Amino acid sequence: MSTRDWIEKDYYKILGVPKDADQATIKKAYRNLARDLHPDRNSTDKAAEARFKDVSEAYSVLSNPAKRKEYDEARTLFGSGFRVPGGAGGRTTEGTFNFDLGDLFGGGGSSTGTGGIGDVFGGLFGSRARTSQARRGADVESEVSIGFVEAVEGVTVPLRMTSSSACTSCAGTGARAGTVPRVCPSCAGTGHTSTNAGGFSLSEPCTECKGRGLIVDDPCPTCMGSGRGKTSKTMQVRIPAGVRDGQRIRLKGRGAPGERGGRAGDLYVTVKVAAHPVFGRRNEHLTVTVPVTFPEATLGADIKVPTLGGAPVTLKLPPGTPNGRTFRVRGRGARRSDGSRGDLLVTVEVLVPDRVSGKAKDAVEAFRQATSGDDVRAELMRAAERG
């Protein structure tokens, strides 16, 4: 698909989903439309065929997080009503922007295979647009370590973050307190200058103000005239119940602040969960291994089983329980996102004593004599011979 399609087509409208729709909503909408518009069901309907292509194109972009992000930025940059004039090598003007269509659509495809969209943001026109529009803050990566019980139940943890923001000494102007920057006389505050190059208007960052549009004669000593500074703050971050070790959580709008009124970036927190000495995890289920004696496994018994953060439960072992058998105690597992709980999976481990003596040894010997006619390895031998 071409960059022209990215700018002119509203893929959210094509799929009939809002712009903040999650991946599940986008996938569901696509499946419904694709089923109704598929060429196999509309072999003679050219309109349905064209609509099917548009739906497939929209889904290929919105289902890919990287492509979707670039698409959203392109739509924000140019505006949803923007129309690209046809003809290579032409020239047009939108508002105060003069740009070269060759720069906009040429230069090969981007690394993401989106047909030159990287050139839109990396070219001269893209650079100019960024200096005059709001800019979204950067995403921030962090890591937090929590205990096993905290991961199961959920916990709020303090997280100290350091990010770039407006310098507090000069309020982001870059000028020393008591002074103000002046508008750059070369670019009239736009941050860019234009030159005529054989019928095309080429724009490049202003060399005098370095693209800021302002000139600071007396720089702020704190930020050295950049207008940016480092700030640290501690925020309370809620880790949801049921989080797994290594899971990455996105906290929307908790990243670095935006510039010129742009929204803040997102905070991505990777969670490290400590191991528990008794319990383990299997998705929303908890696991535990419980030792049992040979008589309990052979004759059956009621045994006590520990639970995480609660009173023990009684588990009934049937006679002849084999080593490694797993039983399910419902509702005693990890908490799900809807508030319900998974199960506790109890695996029994039959313990064989290192040595026996006295009456215990006599009893075991009597048991062996009573079961001497049972060849427990007969089927194994027959299988080996067949193989």
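Our subject in this report is the structure included herewith. Small disclaimer: the values here were computed from a predicted structure and weren't measured.

Per the stated rule, a full pass over the model turns up four aromatic pairs. Taken together, a centroid distance of 6.1 Å and an interplanar angle of 45° make the contact between tyrosine 12 and tyrosine 71 tilted. On the criterion of sequence distance, the pair formed by tyrosine 12 in helix H2 (residues 11-15) and tyrosine 71 in helix H5 (residues 65-78) is long-range, its members being 59 residues apart. Of the two residues examined, tyrosine 12 and tyrosine 71, each falls in the buried class.

Take the pattern of salt bridges next. Inspection of the entire model under this criterion finds 20 salt bridges. One salt bridge connects aspartate 266 with arginine 136, and the closest N-O pair in it is separated by 3.2 Å. Highlighted residues: aspartate 266 in the loop between strand E10 (248-251) and strand E11 (267-273) and arginine 136 in the loop between helix H8 (124-132) and strand E3 (140-146), separated in sequence by 130 residues. For aspartate 266, a relative accessible area of 1% gives the class buried.

Before going further, it helps to spend a moment on the sheet that holds E10. One open sheet holds the three strands; their spatial order is E3-E11-E10, and the pairing between them is mixed. The open sheet has two edge strands, E3 and E10, and neither has a second partner. Each strand of the sheet is rotated relative to its neighbour by a mean of 30°, with strand direction disregarded. Direction of pairing for E3 relative to E11: parallel, over a ladder of seven bridges.

For the rest of this paragraph, the subject is the nonpolar core. Ranked by size, the top nonpolar core spans 22 residues in total, and within it Ile303, Val305, Leu344 and Val346 carry the most contacts. Among the secondary structure elements, those contributing two or more residues to this core are helix H9 (148-153), strand E13 (285-293), strand E14 (301-307), strand E15 (310-317), strand E16 (326-329) and strand E17 (344-351). Dropping the residues within four chain positions of it, leucine 344 is found in contact with Phe279, Leu286, Thr287, Val288, Val305, Pro306, Thr307, Phe327, Arg328, Val329, Arg332 and Gly333. Listed in part, the 19 residues of the second largest apolar core include Leu251, Ala256, Leu267 and Val271.

Moving on: unusual backbone geometry. You will see that asparagine 283, though not glycine, has its phi angle at about 60°, which is positive. Inspection of the secondary structure assignment puts asparagine 283 in the loop between strand E12 (280-282) and E13. The class for asparagine 283 is exposed, based on a relative accessible area of 52%.

Rules used throughout
- Residues numbered from 1 in each chain as written.
- Predicted model: local features only at pLDDT ≥ 70, side-chain atom pairs only at ≥ 80, totals over all residues.
- Heavy atoms only, no water.
- Phe/Tyr/Trp six-rings, centres within 6.5 Å; stacked < 30°, edge-to-face > 60°.
- Helix = DSSP H or I, 4+ residues; strand = E, 2+ residues; numbered from the N terminus.
- Buried < 20%, exposed > 50% of the residue type's maximum accessible area, 1.4 Å probe, protein only.
- Salt bridge = Lys/Arg side-chain N within 4 Å of Asp/Glu carboxyl O.
- Pairing = 2+ DSSP bridges.
- Axes fitted to C-alpha atoms, helices over the stretch in contact; angles between N-to-C directions.
- Core = buried A, V, L, I, M, F, W, Y, C linked by side-chain atoms within 4.5 Å.
- Contact = heavy atoms within 4.5 Å.

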